[in-house]
Structure formats: structure tokens, C-alpha cells
2 protein chains.
Amino acid sequence: MAERGFPPSEFRTRVTALQARMGVAGIDALLLTTAADVFYVTGFLTRFWESPARPWFVLVPVNGDPVAVIPSIGSELMGQSWVSDIRTWDAPMPGDDGVSLLVATLAEMVPQAGRIGVPMGLETQVRMPLGDYLTVADRLAPRAFVDATDVVQRVREIKSEAEISKIRAACRVADACFARVPEYAGPGARLDQVFRDFQRVLLEEGADWVSYTAGGAGQGGYGDVISPAGPQVLVDGDVLMLDTGAVLDGYFCDFDRNYAIGSVGDEVARAQAALFKATEVAMAAMRPGMVASDVHQILCDSLRQSGATPGGGRLGHGLGITLTEWPSFTPHDQTELRAGMVLTLEPGVEIAPGRILVHEENIVLRERGVELLSARAPEQLPVLR
Amino acid sequence: MAERGFPPSEFRTRVTALQARMGVAGIDALLLTTAADVFYVTGFLTRFWESPARPWFVLVPVNGDPVAVIPSIGSELMGQSWVSDIRTWDAPMPGDDGVSLLVATLAEMVPQAGRIGVPMGLETQVRMPLGDYLTVADRLAPRAFVDATDVVQRVREIKSEAEISKIRAACRVADACFARVPEYAGPGARLDQVFRDFQRVLLEEGADWVSYTAGGAGQGGYGDVISPAGPQVLVDGDVLMLDTGAVLDGYFCDFDRNYAIGSVGDEVARAQAALFKATEVAMAAMRPGMVASDVHQILCDSLRQSGATPGGGRLGHGLGITLTEWPSFTPHDQTELRAGMVLTLEPGVEIAPGRILVHEENIVLRERGVELLSARAPEQLPVLR
């Protein structure tokens, strides 16, 4: 694969973009706490976030460079990033788990009449103990804590070419893996073993790690798309779906593929044809300036024109540093689509009550339209015998 | 492996234990939001938590059965659990992402003068948008939101025999994987490929998925224990450490193993001997009734008696549904050790500035002492040539 990480200029561009929006919003400093936001600003990449023991903080002032306020176990790795101001404490520390250090650092950075931005809206979480957050907010008064969801999401949702290259590379890993599904899946295979093999092959094809796999299998469709695999044995007439979020250099792909186990019914072929067509229609129609709900409408209209029943829920979403990002292709999301957004198109069809088929591609929106990042799914279901 | 999941009786026992502590603490309902707490109470197991798009809520009333308030995408899977009261909304929903449904459900469950418990202390996070939490708290006033960290942690930290069996099974997967490291690691191997092979073999040995891998390699020790692998080539004199949190049926193991690449120096052998001995001493000494900081003291004393310099940070922690749980073997943690706790012992030695060696075992504390869950690490470093 290409070079790991990003040059400091990439991070400076990101921080400058955040600071421009902070200025407009009247925010003096951003308080970031999640793996994704910390990685976005600093390049700090580790699977250690899997441990919920310790909070991590990165502060972005409206002028100047970010400051990392982190557990000392991370100082070596953060020290390799472009961030030079790194302040540490011995976490986990009962009674004061970084609170005093965070308060002191924010007090330096933000005047008494100032505002501290925290992403606290839709699709956000504050990854620190709630009690500590409330203490920090109290001790920093009269400084105000305000919602910075829009600042972060509007910047992160536009990917640089360097980011797009990394997502494309992750998609290629999954493409190669999906091409090898016939090696281990077919009539008589156990679904839990298929899931293990699927992850094994993702690693063999170059994934750094596999943060997400899901799937389903059933006669004439599957019941849901988030369950772990059980000991179910694949039989003739099943549809098998495998879905992955494989990670390469900190960036995700997120798409699925469907397979026919032997002979599946005509209703599955019709659903597949409707999904394939709806995806084609959406890819041809999507342009910057639309809003997210337009894409939902386009997909649903096409599915209905094909005589299919659109599945509920969202029919696609943003993609990048996390498996799913905003916006969401639902009837409710009015986020403007802009060039540089990496997105999934994920139309679903309800074949019968409790039987669905879901199709997924990864794309980047360009000024002139859609560019595929995943290899286009086959028009007809591949058959595993 | 043994049967998947748990019978409803296991969950009823857990809920009864939570409710007993809620009664003492004067808490009318618990609001749980994390993957671990939701899994603990309901058995709801999915990798879909990787998507940060949607919040999930499980409410435990002080009397009666839990109620799930969840995105509709989870209704099929939650419907297979023992929970019968499942309320759903179409997430993500701008403007009201489950807030009204959550408020209505809590208002039914908790009287106006009542108290709602939320884990908000050390090693906790509230996995929902902060803005929505503040809205929920405001709309439910005068009901009080209080810290329920102690309620949840004191119950979850004592594992049932069924849970211990699952953690032991996860440890056996890692044991089998560590035995196969000589197949792919040695002089000339690239560290990033070693990490991929390590994960591949964990899957081959039966892990459902691999949520955590870390490691390090360097001459006479490594620099840290949380970095991802780079293209570094292993050479004679390196110490290689591999660490994993492999998951089986929702439960983690978490231990590492060290290997000598060819000939390592005497200072490494001395560090290894000191770590091995300190672990032996701690395993022989640990008893219910001690506190967590006692174990830190025992490990440090033994290391110093061997002439070694104890590494900083915590020297072990709880283990189970997440890679790391409380308590922490630090000088500060006064949590009482009790029979049924599953723990890691993780002494580290600083061989030279920026050069460490870390040893780790997984254990369960019994009334009479320690039972190993991982196969004991070899007394001397295995040599890979």
C-alpha cells in the first residue's frame, strides 16, 4: 500500500478548516474526546481505544496548534505525531482522572467570557465520564460549553484526496476478499465459520484489522443485518450476505455483497435487479447541492418503480474514520451534499415480512457526480454451489 | 465451544443483583447506554456498536424487568433476547433521536421524587449525545440523575461461573495462537505482517473476532505497548511482544507473550526472570479482602527485590465484557478484591529509558487464591530463529 499516515501539512489544513468554522461560530476552543476526532486532528492511531478505562482529550484553540491532554501510557505514541504540546497524567486516577489538567489547559486557552465547543449533537458522544464533564464545565464557569457538532461534522465530512486514497485502498482489500468468498462459502458451510474465514481473508488481503463484520443468510432473504453468526448451515435456496468494515491505516470501507446458495427464487432475482437499478439511478443522479433526503427519495422511487418495497431505515451514510458517519440517507436528513463526501449507497428491499435484501456500494461525490470506490457489485447474484 | 449465550436465569440473577444495590442506593431506575452494560443485562451481542450513529438504551427498574429503548434496526436481534418490553424508533432521527421515547419510558418507571442512576464515574462513558442527555435530564425534572457507577461496577466485577467459562475459552484461543507464533515470526519477518498473521491465527483457533491486538519489538525491549505495527523488520536481538483481546461469545481474553528474536542480552533475561517471579509471588499472595493497591505493592516489591525497575502505570486490571475493566492495580485504587473477580496481572519492567518488557496473565480470584485462566507463560523467553 501507499505510505502510512499523513504529512503534517494535512493536519494543519484540517485544523485551519476547523478554526475557520470555530471563528464563525464564536468558539474559542474545541474539546475533542473520541478516537475518530483525536485521530483526525493528530494522526494518533491505536486500537487501545478498545479499553474504556481512560479518557483522552485534544484541544483545538481558535488560533494556534492543538494540545493533547492524555494518559501517560500514550505519550510515546502521541510524541510521534505532529502535536508538540502534550500534557499527561497517570490514568486511571481515582478522584482526579485528568480533570485538573484539562481544566488548567482550557483555562489558559479560553478567556473567562469565552466559549468551549464540544460535539454534543446527533451522532456524537463525549468519551469521558459524565461526572467529570460536569465538573470540568462547572470549574471553568463562566466560560460556556456550546455544541460544536456542526463545526466538526462539516469539516470531517469533506475528505481530502489523501483520505479518499486510503478509503479506496480499504475498499480494494474488501473487493479482493469478496472475490474469494467461493473458496469457503457454499451449501453445507456453517455461517460462523464463513464469518471467521471472511475475516481471515480480509487480513490476508491486507487489512490492518477488521473492526466490523456482519451478515445474514436465509431462504429468500435474511432477517436482519447486524446479528453475529450462529452455527446455521447454509442450504440450497439461501441468500448469503457478508458486510465488512475493514480498516487500513485508520480508514474504513463499508460495503456488503450477496450470494445465492444454489438456486434462489425469482423474488430474490427481482429484488436484486431492483437494488442494482436503484443504485445505478442514484449514482447517475447524485450531484453536489442536493440534500441527503433527496438520495433517499431517488432510491425509494426507483425501487417502487421496479415493483419492490423499500426497506426501512437509512439507505446509506457517510464513511471514513468510522464505519458510519453522517449524513444519513433518510427522509429527515437535510444535510447538503458536497464534493469530497465519501458515502455509502445502501438500498434495501423487503422481499417478504422479515425477509430483506440489502445492497451496498462505497462512493465519493465529485463536482460532476459519483465515483465508485468499491468495485461495482455484479448485476446478478453470484451462485455458490 | 460450549453453548452460546446464557439462559434467562443468568440475566435474572444479574438484574436481581443490580436491583439489590439500587435499593440500597435509593435508585429507582438505571439508565444504561454502553455496549457492555446493555450486553450484560440483555445478552444483546452485535458488532454494530462500531457505528456511532445511534444511541441504545436499556432501563432497569428497581422492581421488574428491564425495558429496551432502541433503534428499530435492532428490534429483530433484541427480540431474540429475554427482554420482552422493547420500544423502538427510527434512528438516526434529527431533532428527536429517541429522546421523547426515552423520557416517556423513564417517566412511567420513576416517580417525580425519584432518582435515575447513570454510571458517570471513573472508567465510564455515557454513550449518547451529550445534548440529548441534558435534554432528557431537564425534561424529567424534578427526578434526579445520580451516579450509579458503584452499582454497576460492584455487580459486573464478580463473574458467574458461566462467565468465567467463557473468558477461559477465550484465553484458550489465545493460548493456541501464541503456541503458533513460531510459524510466522522470526528474524526477517515484518512486524505488520506478524500482526496480521497473529490475528489470522486467532480466528483459525476459534475467535469470533479480534477486537484488540498490540505489541512491540525492539533491541533489548520495546518502547510502548499500544502502537500499531509498522513495516519494521525483526532482527536478531529484538524482543517481540504480542498482546491480544480476542473475543469469544462476547467475552475477552487479554494477555501478551514475549519472544526473543535470536539472541537477546542478559538484561532482557534478568527482566524476564523478575517479571516471572513477581507474577508467581502475586498469584501466591492474592486473596479476597485485599485491595487493588495491595497487588500493585506486591508486584513492585518483588520486582525491586529482583533488582528490576517497575514500569509505570497500572500493573493489571479487571477483564470480561470489555478488554479492560476495573479495578486497576495502581497505588491509588482501594477497590476490595473479592472471589469471582477476573483480573489481569501485568507487571512491567523498565530495562532502560524507553525500553520496557511487560508480562501478562489472566486469572480468576477464588476464595482460596488465584486460578490461572491463561496457560502460564514460559519461565524463559521462547527463542525464534
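Fair warning: this is a prediction, and the values are worked out from it, not measured in the lab.

(A) Just the packing of aromatic side chains, in detail. Using the criterion set out here, one finds 24 aromatic pairs over all chains in the structure. The ring of Phe-178 of chain A carries the charged tip of Arg-257 of chain A above its face, separated from the ring centre by 5.9 Å.

(B) Inspection of the UniProt feature "domain: Creatinase N-terminal" (unreviewed entry) in chain A at higher detail. Here, the residues flagged by UniProt with the feature "domain: Creatinase N-terminal" (unreviewed entry) are residues 14-158 of chain A. As annotated, residues 14-158 of chain A has a helix share of 37% and a strand share of 19%, and its two end C-alpha atoms lie 10 Å apart.

(C) How the structure looks around empty space enclosed by the protein. All names here are of chain B. Going through the model one piece at a time under the given rule, you end up with 9 cavities of 30 Å³ or more. The calculated volume of the second largest cavity comes to roughly 120 Å³. When residues of the lining of the second largest cavity are assigned to their parent elements, the largest contribution, 4 residues, is made by helix H8 (residues 191-204). In terms of residue class, the lining of the second largest cavity is made up of 4 nonpolar, 2 polar and 5 charged.

(D) Representation of the pairing of strand E15 (residues 355-358) of chain B. Residues and elements named next belong to chain B. Bridge count for strand E14 (residues 348-352) against E15 is 4 bridges, and the pairing is antiparallel. By the bridge assignment, Val-349 is partnered in E15 with Leu-357. What sits between E14 and E15 in their antiparallel hairpin is a turn of 2 residues, with Gly-354 showing a positive phi close to 75 degrees.

(E) Inspection of the relation of the copies chain A and chain B at higher detail. With an RMSD of 0.0 Å, chain A superimposes on chain B once it is rotated by 180 degrees and translated 0.0 Å along the axis. Taken together, the rotation and translation describe the operation of a two-fold axis. For chain A, the minimum C-alpha distance to the rotation axis belongs to Arg-200 of chain A and amounts to 2.6 Å. Taken as a fraction of all interface residues of chain A, those also at the interface in chain B reach 100%, which identifies the copy contact as same-surface.

(F) Spatial organisation of the pattern of salt bridges. Residue and element names in this part refer to chain A. For the structure on display, the rule yields 56 salt bridges over all chains. One salt bridge connects Lys-166 with Asp-249, and the closest N-O pair in it is separated by 2.6 Å. On the criterion of sequence distance, the pair formed by Lys-166 in helix H7 (residues 161-179) and Asp-249 in the loop between strand E8 (238-248) and strand E9 (251-252) is long-range, its members being 83 residues apart. Taken together, the salt bridges that share partners define one network made up of Arg-180, Glu-183, Asp-197, Arg-200, Glu-204 and Glu-205.

(G) Just the domain arrangement of chain A, in detail. Residue and element names in this part refer to chain A. Each assigned domain of chain A is listed with its residue range as follows: domain 1 (8-156) and domain 2 (161-384). When each unit is reduced to the centre of its C-alpha atoms, the spacing between domain 1 and domain 2 is 34 Å. With 12 residues of domain 1 at the interface, the matching set in domain 2 holds 14 residues. Across the domain 1/domain 2 interface, buried area totals approximately 1300 Å², and carbon plus sulfur atoms make up 54% of it. Counting the contacts that link domain 1 with domain 2 gives 3 salt bridges. Glu-123 is paired through a salt bridge with Arg-314; the nearest N and O atoms lie 3.7 Å apart. Remark: the boundary between domain 1 and domain 2 carries 5 residue pairs in polar contact (both at pLDDT 80 or more).

(H) Broad picture of unusual backbone geometry. Residue and element names in this part refer to chain A. Omega for the peptide link from Ala-91 to Pro-92 comes to -5 degrees, which places this bond in the cis form. As for its placement among the helices and strands, Pro-92 is situated in the loop between strand E4 (85-89) and helix H4 (99-109). Pro-142 follows Ala-141 through a cis peptide bond whose omega is 15 degrees. Mapped onto the secondary structure, Pro-142 falls in the loop between helix H5 (130-139) and strand E6 (144-147). In this structure, Glu-123 is a non-glycine residue whose phi angle is positive, near 65 degrees. When you line up the elements, Glu-123 lands in the loop between strand E5 (115-118) and H5. Overall, the relative accessible area of 8% leaves Glu-123 in the buried class. Despite not being glycine, Asp-249 has its phi angle at roughly 50 degrees, a positive value. Take Asp-249: its relative accessible area is 5%, and that puts it in the buried class.

(I) Examining the environment of Val-118 of chain B more closely. Here Val-118 of chain B shows up in strand E5 (residues 115-118). For the pair formed by Val-118 of chain B and Thr-309 of chain B, sequence separation is 191 residues and the distance between their alpha carbons is 40 Å.

(J) The arrangement of the sheet that holds strand E11 (residues 316-318) of chain B in detail. Residue and element names in this part refer to chain B. With antiparallel pairing, the 5 strands of this open sheet are ordered in space as E12-E11-E13-E16-E17. The open sheet has two edge strands with one neighbour each: strand E12 (325-328) and strand E17 (369-372). Taking the axes of each pair of neighbouring strands and ignoring which way they run, one obtains an average angle of 35 degrees across the sheet. This element, helix H7 (residues 161-179), spans strand E13 (342-345), strand E16 (361-366) and E17 of the sheet and lies at about 160 degrees to E16.

(K) Expanded view of the sheet that holds E6 of chain A. All names here are of chain A. With mixed pairing, 6 strands are arranged side by side in an open sheet as E4-E3-E2-E1-E5-E6. The open sheet terminates on both sides in strands that have one partner only, identified here as E4 and E6. The average angle at which neighbouring strand axes cross in this sheet is 25 degrees, direction not considered. By the bridge criterion, 3 bridges tie strand E2 (residues 57-61) to strand E3 (residues 67-71) in an arrangement that is antiparallel. The partner of Phe-57 across the bridge, within E3, is Val-69. Packing against the sheet, H4 makes contact with strand E1 (29-32), E2, E3, E4 and E5, and its axis sits at approximately 5 degrees to E2.

(L) Representation of the UniProt feature "domain: Peptidase M24" (unreviewed entry) in chain A. Per the UniProt record, "domain: Peptidase M24" (unreviewed entry) is found at residues 166-365 of chain A. Each end of residues 166-365 of chain A is marked by a C-alpha atom, and these two atoms are 16 Å apart; helix forms 31% of the span and strand 28%.

(M) Representation of the environment of Gln-112 of chain A within the structure. All names here are of chain A. When you line up the elements, Gln-112 lands in the loop between H4 and E5. For the pair Gln-112 and Pro-142, spaced 30 residues apart in the sequence, the C-alpha separation amounts to 6.0 Å. Once you skip the residues sitting within four places of it in the chain, Gln-112 turns out to touch Pro-142 and Arg-143.

(N) Looking closely at the interface of chain A and chain B. Contact with chain A, which involves 62 residues of that partner, is made by 62 residues of chain B. Both faces combined, the contact of chain A with chain B buries some 5600 Å², and carbon together with sulfur accounts for 62% of it. Taken together, chain A and chain B are joined by 2 salt bridges. Here Arg-196 of chain A ties to Asp-208 of chain B by a salt bridge, and the two come within 3.0 Å at their closest N and O atoms. On inspection of chain A and its partner chain B, the count reaches 24 residue pairs in polar contact (both at pLDDT 80 or more). Looking at the side of chain A that touches chain B, the elements that each hand over two or more residues are helix H3 (75-78), H5, helix H8 (191-204) and strand E7 (209-219) of chain A. Its residues assigned to classes, the side of chain A that touches chain B comprises 28 nonpolar, 18 polar and 16 charged.

(O) Structural context of H5 of chain A. Along H5 of chain A, the residues that are buried comprise Leu-130, Gly-131, Asp-132, Tyr-133, Val-136 and Ala-137 of chain A. Buried residues belonging to H5 of chain A abut H4, E5 and E6 of chain A together with helix H5 (130-139) of chain B.

The rules behind the values
- Each chain carries its own residue numbering, running from 1 in the direction its sequence is written.
- Just so you know, chain letters begin at A and ligand numbers begin at 1, following the order they were written in.
- Only residues with pLDDT of 70 or above have their local features reported here, since the model is predicted, and side-chain atom pairs are shown and tallied only from 80 upward, although totals for entire chains, interfaces and linings are computed over all residues.
- Just so you know, side-chain values use all the structure's heavy atoms and leave hydrogens and water out.
- Centres within 6.5 Å are what make two rings of Phe, Tyr or Trp a pair, Trp counting through its six-membered ring; a difference in plane orientation under 30 degrees is then read as stacked, over 60 as edge-to-face, and the rest as tilted.
- Whether a charge lies above a ring is judged from NZ of Lys or CZ of Arg, which has to be within 6 Å of the ring centre and within 35 degrees of the ring normal.
- UniProt positions are given in the numbering used here, feature names are shortened, and annotations may be inferred rather than shown by experiment.
- Counting from the N terminus, the helices are the DSSP runs of H or I reaching at least four residues and the strands are the DSSP runs of E reaching at least two.
- Site definitions follow a grid-based scheme: protein atoms alone, a 1 Å grid, a 1.4 Å probe that fits but cannot get out for cavities, and for pockets an open set with protein on both sides within 12 Å along at least five of seven lines, plus lining residues having an atom within 4 Å of a point.
- Grid points are joined across faces, edges and corners, and a volume is the space filled by probe spheres set on the points.
- Any residue that is not Ala, Val, Leu, Ile, Met, Phe, Trp, Tyr, Cys, Pro, Asp, Glu, Lys or Arg is counted as polar, Gly included; the first ten are nonpolar and the last four charged.
- In this scheme, strands are said to pair when DSSP sees at least two bridges between them.
- For the least-squares superposition of copies, only C-alpha atoms count, and only for residues with pLDDT at least 70 in both.
- Any pair of residues with heavy atoms lying within 4.5 Å of one another is described as a contacting pair.
- Any carboxyl oxygen of Asp or Glu within 4 Å of a side-chain nitrogen of Lys or Arg constitutes a salt bridge here.
- For the domain bounds, the source is a domain assignment made automatically or taken from a database.
- Take the accessible area each of two parts loses on contact, using a 1.4 Å probe, and add the two losses: that sum is the buried area.
- As used in this structure description, the phrase polar contact means that two N or O atoms lie within 3.5 Å; if the pair is within protein, one of them must be able to donate a hydrogen and the other to accept it, and residues adjacent in sequence are counted only when both atoms belong to side chains.
- In this scheme, a residue with accessible area under 20% of its type's maximum is buried, one over 50% is exposed, and one in between is partly exposed, where area comes from a 1.4 Å probe on protein chains only.
- Under this scheme, a helix contributes an axis fitted over its contacting stretch, all axes are lines through C-alpha atoms, and angles between N-to-C directions fall in the 0 to 180 degree range.

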